[in-house]
Each structure stands twice: as structure tokens, then as C-alpha cells.
Amino acid sequence: MVLPPAAALAVNPLDAGSLLAAFGALGIAVIMFAETGLLVGFFLPGDSLLFTAGLLCTTSERGGPHLDLGQVLAAAVVGALAGAQVGYLLGRRGGRALLSRSRNRHLHEGAVRAEEILTRYGHRKAVVLARFVPVVRTVLNPLAGALGVDARTFTVWQVVGGLVWTVGLVMAGYALGSSIPNVDHYLLPIVAVVVAVSLLPLVLEVVRSRRRGRTR
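Residues numbered from 1 in each chain as written. Predicted model: local features only at pLDDT ≥ 70, side-chain atom pairs only at ≥ 80, totals over all residues. Heavy atoms only, no water.

**Student:** It is not clear to me how a nonpolar patch on the surface should be interpreted in this structure. Could you clarify?
**Tutor:** Together, Phe 132, Val 156, Val 160 and Val 164 make up an exposed nonpolar region whose accessible area comes to about 300 Å². Mapping Val 156 onto the fold places it in helix 7 (residues 151-179). Overall, Val 156 belongs to the partly exposed group, its relative accessible area being 42%. (Patch = residues over 30% accessible without salt bridge, like charges linked within 9 Å, V, L, I, M, F, W, Y side chains within 5 Å. Areas by Shrake-Rupley, 256 points an atom, 1.4 Å probe, with all protein chains shown as cover. Salt bridge = Lys/Arg side-chain N within 4 Å of Asp/Glu carboxyl O. Helix = DSSP H or I, 4+ residues; strand = E, 2+ residues; numbered from the N terminus. Buried < 20%, exposed > 50% of the residue type's maximum accessible area, 1.4 Å probe, protein only.)

In C-alpha cells form, the structure reads like this:
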């Protein structure tokens, strides 16, 4: 589908609803890939995008954007799994150098947190848990490659984590949309709640970091 110039300019990359209305399932695959495989994608709304996509699979085609559940699941899974694997491979070829070139504070904080998770929980649990933490899920994949995490271990557990994250959030949105009549009328407040919940791990980590700094 070719967007008219006005529609293309109206797309907000931080707004899940705007992205889905403009690009549909194809946009989900691209965004999942960028957020999990490329360091530049750390700001993208992964959690809210997946949940909103599930909601939009239950809306009427007459009432606005409507997505096909099968296409959404396929796009989300392919994008997230391919992105993580590419991020790992990039990390093996120079992940530390890529991070050092960036001046973004959030990326460097995410890298510190990702390394802590890898050390604290071990490679298998860390790769799975990172999927559910914004920014960390972007940084951990190249960092795992840079730190020499075994390729087979990483691949198996990033697939497990990627499936749980993508399918779980899409189906959660789909289940909620199926249980609430005219759910598209409440789309904005629902997405706002999802965004707030998805940011909780990041907020808690910032609070912990400040407390550790004060203690030192």
C-alpha cells in the first residue's frame, strides 16, 4: 500500500497505533527486527506495538485499522527472532566498538544492566528475561555476542524468549479485545496502561541504580 504524503508525514514512530495503521503487519516485522537487532531501535514501542496489534485483530474493518491475527503473529515472531540473531552476530564482530561509538545515555545504561543480568542469571535466563525489559532487549543481543556467549545456547534461548514475548503479548491483546465490545473506542487508554506497565522494569532499575549510587 502506498501512503499519501500527508499520511506518511503523520506517522509517529513512538505511537503503536499510528505505526500499525500506516504499515500493518509488515511494519510489525520491521519494528521487531530493528528493536531487537539494531542499536538504533532502542526507542521503538515493542511491548505496546504487540499488544495493540492483538487488539486490532478483534476490531471491525469499518471502525478503523483491522489486522489479521495469523499475519500479526508471523510478522512478530519472524521480526523478533531474526533481529535478535542479527544483533548477536553484529556483537560478535564488534559489539563493544558499536556501543562505544554511541553517545546515548540510555544505551549505555542498558548495556550495564544487560551485563548485570547476564552475570546474575546466567546466559539462558538472561536471554529470555531481557525480552521483557525495554532498551535491555535491544542491547543484550549484541552484548551477548561481544561477550562470547555460546552461539547454540543463545539461539535456543532467544527463540524461547522471543516466542513467549511476542505470542504472549499479541494473544493478551487479542483476548482483551475479544472480551470487550467495541474495544477500539478504548484503544488509547488501554495502550497508555500497557506502555506504563512495560516501563515499570526500567523505572525500578533507575531507582535501584540511584540507591546504589547513594550507598557508595
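Back to the text.
**Student:** Is there a simple way to think about helix 6 (residues 136-146) in this case?
**Tutor:** An α-helical segment advances 3.6 residues per turn. Residues three or four places apart therefore align on the same side. Most of helix 6 is tucked away, with 10 of its 11 residues classed as buried. What helix 6 keeps buried is the set Val 136, Arg 137, Thr 138, Val 139, Leu 140, Asn 141, Pro 142, Leu 143, Ala 144 and Gly 145. Following helix 6 by one or two positions, Gly 148 adopts a phi angle in the positive range, close to 80°.

**Student:** Explain unusual backbone geometry here, please?
**Tutor:** Most peptide bonds take the trans configuration, and most residues that are not glycine carry a negative phi. Phi is positive for Val 135, close to 70°, though the residue is something other than glycine. Note on placement: Val 135 falls in the loop between helix 5 (105-129) and helix 6. Note on Val 135: relative accessible area 8%, which makes it buried.

**Student:** Even after reading the chapter, I still don't get the nonpolar core, so can you show me in this structure?
**Tutor:** The tendency in soluble globular proteins is for nonpolar side chains to be buried side by side. Membership of the largest hydrophobic core comes to 21 residues, with the highest contact counts inside it found for Leu 20, Ile 28, Met 32, Leu 50, Leu 67 and Val 72. For this core, the secondary structure elements donating two or more residues are helix 2 (16-37), helix 3 (46-56), helix 4 (69-101) and helix 7. Counting residues per element, this core draws most heavily on helix 2, at 7 residues. Listed in part, the 15 residues of the second largest apolar core include Ala 114, Leu 118, Ala 130 and Ala 144. (Core = buried A, V, L, I, M, F, W, Y, C linked by side-chain atoms within 4.5 Å.)

**Student:** I'm lost on the side chain of Asn 141 in this one. Help?
**Tutor:** By the element assignment, Asn 141 lies in helix 6. On the accessibility criterion, Asn 141 (5% relative accessible area) is buried. Within the structure, Asn 141 has its side chain in polar contact with the backbone oxygen of Thr 36 (distance 2.7 Å). The contact partners of Asn 141, leaving out residues within four places of it in the chain, are Thr 36, Ala 84, Gly 87, Tyr 88 and Phe 154. (Polar contact = N/O pair within 3.5 Å; in protein donor to acceptor, adjacent residues only side chain to side chain. Contact = heavy atoms within 4.5 Å.)

**Student:** Got a minute to help me understand the pattern of salt bridges in this structure?
**Tutor:** Side-chain pairs of opposite charge can arise where the charged atoms are in close proximity. In this structure the tally under the stated criterion is 2 salt bridges. Taking the shortest distance from any N to any O, the salt bridge between Arg 137 and Glu 35 comes out at 2.9 Å. Of this pair, Arg 137 sits in helix 6 while Glu 35 sits in helix 2, and the two are 102 residues apart along the sequence. Looking at Arg 137, the relative accessible area reads 3%, which means it is buried. Note on Glu 35: relative accessible area 1%, which makes it buried. Asp 47 is the salt-bridge partner of Arg 137, the closest N and O atoms lying 3.1 Å from each other. Residue Arg 137 is found in helix 6, and its partner Asp 47 is found in helix 3; the two are separated by 90 residues along the sequence.

Fair warning: the whole summary comes from geometry, so function is off the table for now.
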